[in-house]
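# Geometric and topological summary
Each chain, letter by letter, is given below.
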Protein chains: 2
Amino acid sequence: MEKTPHSEKRDSYHHGDLRSQLIEATRALVEEKGPDHFSVSEACRRAGVSTAAPYKHFKSKEEMLHAVALAGMVRQREQMLAELETCTPGTLDRIVAMGRVYVRFAVSEPGVFRLMFGLSEDHADHVDLVETGDNTFAVVQREVARCRGSMTVEETDVHQAFLLWSFVHGLSFLMIDGKLTDTKMPLDLEHVLVDIAQRVVGQGR
Amino acid sequence: MEKTPHSEKRDSYHHGDLRSQLIEATRALVEEKGPDHFSVSEACRRAGVSTAAPYKHFKSKEEMLHAVALAGMVRQREQMLAELETCTPGTLDRIVAMGRVYVRFAVSEPGVFRLMFGLSEDHADHVDLVETGDNTFAVVQREVARCRGSMTVEETDVHQAFLLWSFVHGLSFLMIDGKLTDTKMPLDLEHVLVDIAQRVVGQGR
DNA sequence: ATCTGAAGTTAGTATCGCTAACATATGTTA
DNA sequence: TAACATATGTTAGCGATACTAACTTCAGAT
C-alpha cells in the first residue's frame, strides 16, 4: 500500500497527503508561472486529483496561496536564524547576514516573495502572516540593540531596524523586477549590504 | 452629436474615445479591486461597450495593464519634477522631496504602483517601461551629484542614488502592504526621509 | 456489522480572455 | 456624388477557470 509521491497514479481512492502536496504544487507553480498566472486546476493536475478536491482542504484559491505565503515567511525566518548562528554576537556582521538572507530568499524564490508582499491582498487581516512577519522583525530589532551593546530594544533600535528592513525590502524588489541589469548597475551585493549597515547602525542616532 | 463621457449610452455606433476611456476604467478598477482582480469584462461594462471591443485597441489584457503602468510611471515622474521646482538646487531638501513624492504616489495609487513594480510580468522586455524608469532614476542621480556640488554624475552618485531608491521603494511597499500599523510603528514619514537622506547623501563615501 | 464523517469524484454554473465573422460609420478617391 | 477601404464597433461561441452540489469511497468508532 505505497503512498503516491508527487503526481503519480494512486492505488487507493483517497490520496492520503493531498493538502501538503497541493501546497507544494502551488509553490512550484507560483515560481514557474508567477503568482498571477497560477491556477488551481493546474495544481490539481500536478497532484493528480480532480479540480474539486482542493476545496476539501482550502476554502478558496486565495487560501491556497495564503498557505504558500505563510510557509515562505517561516522558511525565510528559519534561514535568517540559521545564518545568524554563523556570526559572532553583537557585530555588524549579523546585520549584514540578515540582509543577505533576505535578498537571497527573494532572488531564489521571487514568486513566493511576491506572494508574501507584492500582492494586493490585504495581509493585515491575516493574523498568522502578520505575526510571523512581526516575529522576524523583532529578531532584527534585537540584533540592532545588541550592536549597541544593549540587551533591551529601545526606540532607536526599532527605528534603525525599520530603516534596514525598508532598504533590503526595496533592494529585493528591484532585483527581482530586473531593474538592475548588470550592464547599467553592476551590483556588489555584499558591499552594498555592508555599506548600508554601517550608515544605519554603524553610527547611532 | 455630443460625445459620450464616461460610461453613458452612446448615440452613435462608434464610441469615439474608447482607448483612453478603457485605460481610465482599467486604472480605476486596478485601484478599486487590485491588479490581480481586474477583469477586462468589467472595464468594458464601465466603458459601455461589448467585451470584444478592447481588442481593437489592445492585443491582450496584459497590454491594457501595461498601458496603465506606463501612464503611472509618467505621472510619478511628473510629480517628482514638479515637486523639485519648489526646492532650491543643491540641497538635501530636493532629495527628501523626491522621496516624499515616491512614497506619496505609492500610497495614493497602490494599485498602479503594484502594477508598475510588484507584478511578476517581466518588465525588462517592455522597453518603454524600462526607459521611463531609467529616466526617473537619472533625475535622482543628478540631484545627488548636485548635492556634492558637482554637475556631472560620478559613480558614487549612482551608488548613493541607488541606496536611496531601494530605501523609498521598500518603504513604499511596506506601507501599502499594511506592515506599518500606526500602533506598532508610529511613522513620521518626513522625519524618516530626512534621516535616510542624511545618512546616505549627507556624508559622502 | 453498521454508522458516520472525511476526503475523494462527476457534473454543472457563471465568468473570463480571446477570436471569428459580421455590421456600421468615416474619410478617400474616382 | 457614389463606391470603396478602413477603423471600430457588435454578436456568437470556444476553452479555461473558480467554485458548488450531489454522489461515492473508505477508514475508524461503536
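Note that the structure is a prediction, hence the values are computed from the model and not measured.

### Here's the deal with the interface of chain A and chain B
The accessible area lost on association of the parts is a frequent measure of interface size. Counting residues at the interface gives 46 residues for chain A and 46 residues for chain B. Of the roughly 4000 Å² buried where chain A meets chain B, counting both sides, 58% is carbon and sulfur surface. Here chain A is connected to chain B by zero salt bridges. Applying the counting rule to chain A against chain B returns seven residue pairs in polar contact (both at pLDDT 80 or more). Counting residues per element, the ones that place at least two in the side of chain A that touches chain B are helix H5 (110-118), helix H6 (127-147), helix H7 (155-176) and helix H8 (189-200) of chain A. A per-element tally of the side of chain A that touches chain B places H7(A) first, with 13 residues. Residue composition of the side of chain A that touches chain B, grouped by class: 20 nonpolar, 14 polar and 12 charged.

### Let's talk about helix H4 (residues 92-108) of chain B
In this model, H4(B) (17 residues) spans 24 Å end to end at C-alpha, consistent with the 24 Å of a helix rising 1.5 Å per residue. Those residues of H4(B) lying buried are Arg94(B), Ile95(B), Val96(B), Ala97(B), Met98(B), Gly99(B), Val101(B), Tyr102(B), Val103(B), Phe105(B) and Ala106(B).

### Quick word on the relation of the copies chain A and chain B
Copy one and copy two of the chain differ by a rotation about a common axis and a shift along it. Mapping chain A onto chain B is achieved by rotating through 180° and translating by 0.0 Å along the same axis, at an RMSD of 0.1 Å. Both copies are brought into coincidence by an operation consistent with a two-fold rotation axis. When each C-alpha of chain A is compared by its distance to the rotation axis, Gly170(A) comes out closest, at 1.7 Å. In this assembly, 100% of the residues forming the interface of chain A have copies in chain B that are likewise at the interface, indicating an isologous arrangement.

### Examining a negative patch on the surface
A cluster of acidic residues, Asp36(A), Glu62(A), Asp36(B) and Glu62(B), forms a negative patch on the protein surface. With respect to the helices, strands and loops of the structure, Asp36(B) is situated in the loop between helix H1 (18-33) and helix H2 (40-47). Given a relative accessible area of 32%, Asp36(B) falls into the partly exposed group.

### Topic: the pattern of salt bridges
Residue and element names in this part refer to chain A. Under the counting rule described, the total for this entry stands at 28 salt bridges over all chains. The salt bridge involving Lys 59 is made with Glu 63; its shortest N-O contact spans 3.7 Å. Between Arg 146 and Glu 143 there is a salt bridge; the shortest N-O distance is 3.9 Å. Note that Arg 146 and Glu 143 are positioned in helix H6 at a spacing of three residues, about one turn of the helix. On the accessibility criterion, Arg 146 (25% relative accessible area) is partly exposed. Overall, Glu 143 belongs to the buried group, its relative accessible area being 1%. Among the charged side chains, a network of salt bridges with common partners joins Glu 83, Arg 100, Arg 104 and Glu 190.

### Quick look at the packing of aromatic side chains
Applying the stated criterion to the full structure yields 11 aromatic pairs over all chains. Considering the side-chain rings of Phe113(B) and Phe117(B), the 5.2 Å spacing of their centres and the 55° angle between planes classify their relative orientation as tilted. Placement of the pair is Phe113(B) and Phe117(B) together in helix H5 (residues 110-118), with a separation of four residues, close to one helical turn. Judged on exposure class, the residue Phe113(B) and its partner Phe117(B) are both buried. An aromatic cluster is present here, built from Tyr102(A), Phe113(A), Phe117(A), Phe173(A), Tyr102(B), Phe113(B), Phe117(B) and Phe173(B) joined pairwise through their rings.

Parameters and conventions
- Residues numbered from 1 in each chain as written.
- Chains lettered and ligands numbered in written order.
- Predicted model: local features only at pLDDT ≥ 70, side-chain atom pairs only at ≥ 80, totals over all residues.
- Heavy atoms only, no water.
- Contact = heavy atoms within 4.5 Å.
- Buried area = accessible area lost by both parts, 1.4 Å probe.
- Salt bridge = Lys/Arg side-chain N within 4 Å of Asp/Glu carboxyl O.
- Polar contact = N/O pair within 3.5 Å; in protein donor to acceptor, adjacent residues only side chain to side chain.
- Helix = DSSP H or I, 4+ residues; strand = E, 2+ residues; numbered from the N terminus.
- Nonpolar A, V, L, I, M, F, W, Y, C, P; charged D, E, K, R; others polar.
- Expected span 1.5 Å × (residues − 1).
- Buried < 20%, exposed > 50% of the residue type's maximum accessible area, 1.4 Å probe, protein only.
- Least-squares fit on C-alpha atoms with pLDDT ≥ 70 in both.
- Patch = residues over 30% accessible without salt bridge, like charges linked within 9 Å, V, L, I, M, F, W, Y side chains within 5 Å.
- Areas by Shrake-Rupley, 256 points an atom, 1.4 Å probe, with all protein chains shown as cover.
- Lys, Arg positive; Asp, Glu negative; His and termini not counted.
- Charge placed at Lys NZ, Arg CZ, Asp CG, Glu CD.
- Phe/Tyr/Trp six-rings, centres within 6.5 Å; stacked < 30°, edge-to-face > 60°.

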